[in-house]
Amino acid sequence: MTTDLHIDYDINFKYEEYETEFVTSEIKEKSGWYLKNEKEAYFINGIIRKYKPKRCLEIGVARGGSSVVILNALKDIDNSFLVSLDLNEQLFSDPTKKTGFIVKEVFPELSKNWQLFTGDQPHKFLMKLNITFDFLFLDTAHYAPGEMINIIEALPFLNE
């Protein structure tokens, strides 16, 4: 089976100049967050801008760089919010910093529609929140079976 699926970032996701600048420079400079390439952040930004989800879920936060990209994309979508979940309360690579520190310390203007829950498995938070989400960004363990378990945990709380 072959597929002709090809995503052309310039055609599928149009960016205003300020968005490109925000993703390529501001987040990197202010937070030290990096991507393999900017197209990953453009994709997250673009998919949110295109489909306009109201209730977004992020599992796996670390510094909070992707949280910033998501929150920036949501800022013009009325009544939208991001719930971020992470097992770690402190940054795994630097225990002197809290998980998600970039959002509140570097980009506090984006934090008004953000809730961060740390210190437990995703399903425990999801069961307490008991809401459904329109969008899931999953960036957790990076080895099996971590992501599969997180998908199974999140599925009952995702809208079609």
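What counts and what doesn't
- Residues numbered from 1 in each chain as written.
- Predicted model: local features only at pLDDT ≥ 70, side-chain atom pairs only at ≥ 80, totals over all residues.
- Heavy atoms only, no water.
- Patch = residues over 30% accessible without salt bridge, like charges linked within 9 Å, V, L, I, M, F, W, Y side chains within 5 Å.
- Areas by Shrake-Rupley, 256 points an atom, 1.4 Å probe, with all protein chains shown as cover.
- Salt bridge = Lys/Arg side-chain N within 4 Å of Asp/Glu carboxyl O.
- Helix = DSSP H or I, 4+ residues; strand = E, 2+ residues; numbered from the N terminus.
- Phe/Tyr/Trp six-rings, centres within 6.5 Å; stacked < 30°, edge-to-face > 60°.
- Lys NZ or Arg CZ within 6 Å of the ring centre and 35° of its normal.
- Buried < 20%, exposed > 50% of the residue type's maximum accessible area, 1.4 Å probe, protein only.

What should I look at first to understand a nonpolar patch on the surface in this one?
A surface patch of nonpolar side chains, amounting to about 280 Å² of accessible area, comprises Met148, Ile151 and Leu155. Looking at the secondary structure, you find Leu155 in the segment after helix 7 (146-154).

Looking at this model, I keep getting lost on the packing of aromatic side chains. Mind explaining?
When we look at a pair of aromatic rings, we describe it by the centre distance and by the angle of the planes. Evaluated as defined, the whole model comprises 1 aromatic pair. The ring centre of Phe101 lies 5.0 Å from the NZ or CZ of Lys97, which sits over that ring.

Can you help me understand unusual backbone geometry in this one?
A negative phi holds for most residues other than glycine; trans holds for most peptide bonds. For Asn79, which is not glycine, the phi torsion reads 60° and is therefore positive. Locating Asn79 in the fold gives a position in the loop between helix 4 (65-74) and strand 2 (81-86). Although it is not a glycine, Asn130 adopts a positive phi angle of roughly 50°. Structurally, Asn130 can be placed in the loop between helix 6 (122-129) and strand 6 (135-138).

I'm lost on helix 4 in this one. Help?
The element helix 4 is largely enclosed, with a buried count of 10 among its 10 residues. By the burial criterion, the buried members of helix 4 are Gly65, Ser66, Ser67, Val68, Val69, Ile70, Leu71, Asn72, Ala73 and Leu74.

Explain the pattern of salt bridges here, please?
Close approach of charged atoms lets side chains of opposite charge pair. All chains considered together, the criterion is met by 3 salt bridges. Residues Asp76 and Arg49 are paired through a salt bridge, measuring 3.2 Å at the closest nitrogen-oxygen approach. Of this pair, Asp76 sits in the loop between helix 4 and strand 2 while Arg49 sits in helix 3 (residues 38-51), placing them 27 residues apart in sequence. Judged by its relative accessible area of 19%, Arg49 is buried. Its salt-bridge partner being Lys124, residue Asp120 comes within 3.7 Å of it at the nearest N-O pair. When its relative accessible area of 40% is taken as the criterion, Lys124 is described as partly exposed.

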